[in-house]
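Results of the structural survey
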There are 4 protein chains.
Amino acid sequence: MSTVHVIGAAGFAGAQLAALLDAHPHFTLGQVTARSDVGRRVVDVAPEYRVDAVLQQFDLAGVGQGDFAAVCYPHAEAAAVVSDLVDRGVRVVDVSADHRLNDPAQYPEWYGFTHPRPDLLAEAVYGLPEINRDAIRTARVVANPGCYPMASLLAMLPMRGRLTDIVVDAKSGASGAGRTPTPDVHYSSVADSVRAYKVLSHRHTPEIAQQIGASVLFTPHMVPVDRGLLASCYARIDGDVPHADDLRQTYVDFYADHLFVEVVDEPPGMRAVQRTNFAQVCPMLDPASGRLVAFGVIDNLMKGAAGQAVQNLNLMAGVPETEGLL
Amino acid sequence: MSTVHVIGAAGFAGAQLAALLDAHPHFTLGQVTARSDVGRRVVDVAPEYRVDAVLQQFDLAGVGQGDFAAVCYPHAEAAAVVSDLVDRGVRVVDVSADHRLNDPAQYPEWYGFTHPRPDLLAEAVYGLPEINRDAIRTARVVANPGCYPMASLLAMLPMRGRLTDIVVDAKSGASGAGRTPTPDVHYSSVADSVRAYKVLSHRHTPEIAQQIGASVLFTPHMVPVDRGLLASCYARIDGDVPHADDLRQTYVDFYADHLFVEVVDEPPGMRAVQRTNFAQVCPMLDPASGRLVAFGVIDNLMKGAAGQAVQNLNLMAGVPETEGLL
Amino acid sequence: MSTVHVIGAAGFAGAQLAALLDAHPHFTLGQVTARSDVGRRVVDVAPEYRVDAVLQQFDLAGVGQGDFAAVCYPHAEAAAVVSDLVDRGVRVVDVSADHRLNDPAQYPEWYGFTHPRPDLLAEAVYGLPEINRDAIRTARVVANPGCYPMASLLAMLPMRGRLTDIVVDAKSGASGAGRTPTPDVHYSSVADSVRAYKVLSHRHTPEIAQQIGASVLFTPHMVPVDRGLLASCYARIDGDVPHADDLRQTYVDFYADHLFVEVVDEPPGMRAVQRTNFAQVCPMLDPASGRLVAFGVIDNLMKGAAGQAVQNLNLMAGVPETEGLL
Amino acid sequence: MSTVHVIGAAGFAGAQLAALLDAHPHFTLGQVTARSDVGRRVVDVAPEYRVDAVLQQFDLAGVGQGDFAAVCYPHAEAAAVVSDLVDRGVRVVDVSADHRLNDPAQYPEWYGFTHPRPDLLAEAVYGLPEINRDAIRTARVVANPGCYPMASLLAMLPMRGRLTDIVVDAKSGASGAGRTPTPDVHYSSVADSVRAYKVLSHRHTPEIAQQIGASVLFTPHMVPVDRGLLASCYARIDGDVPHADDLRQTYVDFYADHLFVEVVDEPPGMRAVQRTNFAQVCPMLDPASGRLVAFGVIDNLMKGAAGQAVQNLNLMAGVPETEGLL
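Nothing here was measured: the structure is a model prediction, and the numbers come from that model.

Secondary structure assignment for chain A yields 11 helices and 13 strands. Against the 2.2 N^0.38 benchmark of 20 Å for 326 residues, chain A shows a C-alpha radius of gyration of 19 Å, consistent with a compact globule. Projected onto its principal axes, the C-alpha positions of chain A cover 60 × 45 × 40 Å. Looking at chain A alone, contacts between residues at least 24 apart form 68% of all its contacts between residues at least 6 apart.

So, in structure tokens, the structure goes:
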């Protein structure tokens, strides 16, 4: 049994993560911390999770060498905690954005802060087992992917290196905006409506581009859904356009060893993956233009955040990748 | 043309009211005030209303004798403004709760403040045309009914004086909770769930009891709906239980002169009244127990707030009751 | 390992049941039958369940003595199948309504058919472990409770025998209406609206009355929710009205040995029980009238149908009651 | 006053159209026909519209020369009725798809039938006033645009002739799928989920391509919304990429005389146009790639169907274009 500390468990992703770890056969919940709601139980904050652990203030002194931690703080606030934890001998999954971008220069540009530990940034492994499984196993810092990049990348990775003119039109449920009540997540704002937001400026854009190795036109939309994220991806294919059957086979082969990614025949809905760590992807070809049309759908709090964090922790701890996730 | 000032137009009810008055053939919008969002247009705050009026700070000096005003401030804050306006010769519809309860002693008990103007409270007319139409015409202060009382009372009024053991189980959309973002109106809290709240303690309880003349067990529920309020009412009938046809005829007769109340044959859904000033009521009899089962449904922002305010203003101004509402 | 046949697995409850059994450590899925969709896998019909079992036509000859079965046919159609199965030595959970009412005379009145096996009806045990746990263990036929009765009864059972003037105002998600597409479950009918239906005539009325031992005024409402059912119950208490703390203690004591019923302090929302076999109940007292106000909330497809069926099968098979349900 | 017959008023678009015409100051409702629900009033079929007109079977003999008609039949069934009506001297708005495609050869390919009246098809005017206002005024047959083309075209028309590599990713509410209950519009299918459908095969694809004059990769998605349609459009711009301000000015100028199209600064949500005949469009530029990102949002039953039909009827009848629509 290994101990995992959840740093920032009052938010949606953190509470989900605490719940997954609380029921996990290999991990024990260590500190479950929050900056609000200290003294309340996780179940009081998130009644759908029957987790009795009490939210406490983070106590670095109480963290032991060889422990694991998952940091669910907002960006710019996570980096310092990750730094402290790593220096103390803790292996960390950073659920925030603070170790996702390879180039430190992108942090001032996209996130508005100077990265305090470029060395850790350089060392961090992008936590997508579908491309980095082995590196994750031994990493000290794993950068858990963003929710939009997760769905988008899974939809396109099998064709990486061959795609240009990429357009990603993504639809996310409101839980993706976090637990803080704002006018934008008021029920009367979200219900019965769809709108694009942060067009051409969303911070997940460089993350998708970095991993897919090409520039991306990314447009997120908020949809009246609680949990769920669908990325509809459009791209030109360099070189010969494959036959549709071959395209599909390329995806099936690519994901053959990746249990959490299901290649499906019909454009997938959110329903099939909600509250699971599964992603479903569906590649199609537009015969008229030779373009790829590929869909990726996930639960933004599971494969898009907490579930993926557990998958990464499983790899880091050397236990089966699906432990606690099926 | 008469001028109507809307005091507190940044909230849901106030913005809807500004929109109704902006399109009203008899009224002209005067001051459209807010304490937040000053300088923005109503349409910027509430894009579904194409109202260009700019939100300003309330300026008592700019209000003229003979004007009308509708005050949409929160309870305890409206009373002072109503007082100032009336003293200046303005006739007021108070959309807040500050003039609804006859007994000043109920204000400290239910609303936590001492009423500053018991004289105006005594003078105020409860703004339900279905019982007080004539008094509204000449009133200086009209207390616009609460949304829950409106639906509940319309469902039971034709049997007033004959009902005991009243249970009102009401279901309201999230817009009833107001525009302020709170955890309770976060999309992820409201969507796909129903819960009761303020059980046995909701402030609309004494208002319903006062108007129906009997004690009431009132339970509000929040439902995943934007606009709409359904009151399901259960009560014993004193004396002989009427035949179902006679019961229905009693309702039809009672509402014969009240265009905005439709007596329907099937339990009404919210759909039929949303974004209208109509209420639908449906009385039924439980033959086993001789009890009344009566449903009342409204749009909480229309017949339950802004629409009713316009209906009252129409009566006060001596124009047709339906003006600007059909 | 015991074999369980799921008869009627194309509907919402049946598919959920097949999924629970497919993942159950003690049970093996036997026949998974349907009258529509034969030849398709469960996952094709219900993509959220990753069940590869293929829907087949029911084959009585393929059922073995000592097997278990759960029958999810519509009422009036289940009775004959249950009869055949029992005669073959199979122990059955009837998820339909066909063995819930003690009095055969109620079937023509409420369900429009004459019960073909009054002997089995007399023998059947009402499948509510919270009152009949021991009898369920040895029953040949267990009548799985209706969804509305489940939530209503759990909310009131600790006070059974002391309640009169019972009003149950219940709110159910659309999945309770079944998988068949009808105008009433069209998205545009259900979304953003609430309405009562089958007022004073719903078939779950006599079932609630039978188990609570008193007449009940029952009003179901459809709410814009997928899965979830909330029963808000109002009743007079015979004899001395208990203190609120004592009332709560009565509930806590009553459910002390029943893990799936949680007595909570605040009126529970659907969120806390969705996709679980838990119920939450919350008893309150109206001091003004001495009436009980009690809430019961369940997932209508879990504790209200498939989850409860598994709980009953666990008892019948002598395995831990929570097996496959946590 | 002119008479307008509504042929096919039991569906969502037809009922909305009957309601608009019932309240129209210039038009009188003539026959209001349906193939189902004959004998019921429109309000019985669609309670949100207070229209007492009774649905009747279509009676060609009862239609007079000089009348107008709007045909809301499904595709392939409308063409024959339009033909009969035109031959009788009636001017028709065909709300179906049967007169939208210029090339008769596209009907067998996309709609599976041979067009019975290529002459009328050649004569029909595409009913988009923003490009064909004058031709609509005198047309005998106006082809009301499809809902997806309406939103997509309005988003791109100001740049028509300069766009290539067009991708339209569109999101429609469930009412766009029509009133017929099917598994795909079951509340439990639509709620809390998003999915693409008819990818690369939707019948609105050639209609968009025809009007924009370029091939289009079109992907429709169903979202958990009742009424509303958002088209997110991506395209390369031939020639010099304009400055963002100039692009916006191009849109403002293009729509200067078109009251129902609002050019807005922020990506528009459905909320702002629901239950109105307004469209909102928002053009943006991706500086990295020089691509246009343009949003168009409408109410699919108003500007996307019935409202647009009234707008066209207004033009045909020579009354103000906005009559009955504000």
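Turning our attention to the relation of the copies chain A and chain D. Of the transformation placing chain A onto chain D, the axial shift is 0.0 Å and the rotation is 180°, giving an RMSD of 0.0 Å. The operation mapping one copy onto its partner corresponds to a two-fold rotation axis. The C-alpha atom lying nearest the rotation axis in chain A is that of Pro224(A); the distance is 3.2 Å. Mapped onto chain D, 100% of the interface residues of chain A are again interface residues, and the two copies thus contact each other with one and the same surface.

On to the pairing of strand 4 (residues 91–94) of chain D. Residue and element names in this part refer to chain D. Of the two faces of strand 4, the one holding Arg91 and Val93 and the one holding Val92 and Asp94 are both buried throughout. Both strand 3 (residues 68–71) and strand 4 contribute to a ladder of four bridges, which runs parallel. By the bridge assignment, phenylalanine 68 is partnered in strand 4 with arginine 91. As for the winding sense of the linkage, the β-α-β connection from strand 3 through helix 3 (residues 78–87) to strand 4 is right-handed. Here three bridges tie strand 4 to strand 6 (residues 141–143), and the two strands are oriented parallel to one another. Of the residues in strand 6, the one forming a bridge with valine 92 is valine 141.

Let's shift gears to the environment of Asp299(D). Structurally, the position occupied by Asp299(D) is in the loop between strand 13 (291–298) and helix 11 (306–317). Setting aside chain neighbours within four positions, we find Asp299(D) in contact with Arg227(D), Gly228(D), Val273(D), Gln274(D), Arg275(D), Thr276(D) and Gly304(D).

Once that is clear, we can look at the interface of chain D and chain C. Contacts between chain D and chain C engage 13 residues on the former and 13 residues on the latter. The residue inventory of the side of chain D that touches chain C, partitioned by class, reads seven nonpolar, four polar and two charged.

What counts, and where the lines are drawn
Residues numbered from 1 in each chain as written. Chains lettered and ligands numbered in written order. Predicted model: local features only at pLDDT ≥ 70, side-chain atom pairs only at ≥ 80, totals over all residues. Helix = DSSP H or I, 4+ residues; strand = E, 2+ residues; numbered from the N terminus. Rg over C-alpha atoms; globule rule 2.2 N^0.38 Å. Contact = placed C-beta atoms within 7 Å. Least-squares fit on C-alpha atoms with pLDDT ≥ 70 in both. Buried ≥ 20, exposed ≤ 12 C-beta atoms within 10 Å, placed from the backbone. Pairing = 2+ DSSP bridges. Right-handed = clockwise from strand over helix to strand, strands pointing away. Nonpolar A, V, L, I, M, F, W, Y, C, P; charged D, E, K, R; others polar.

Keep in mind that these numbers describe shape and distance, not what the molecule does.
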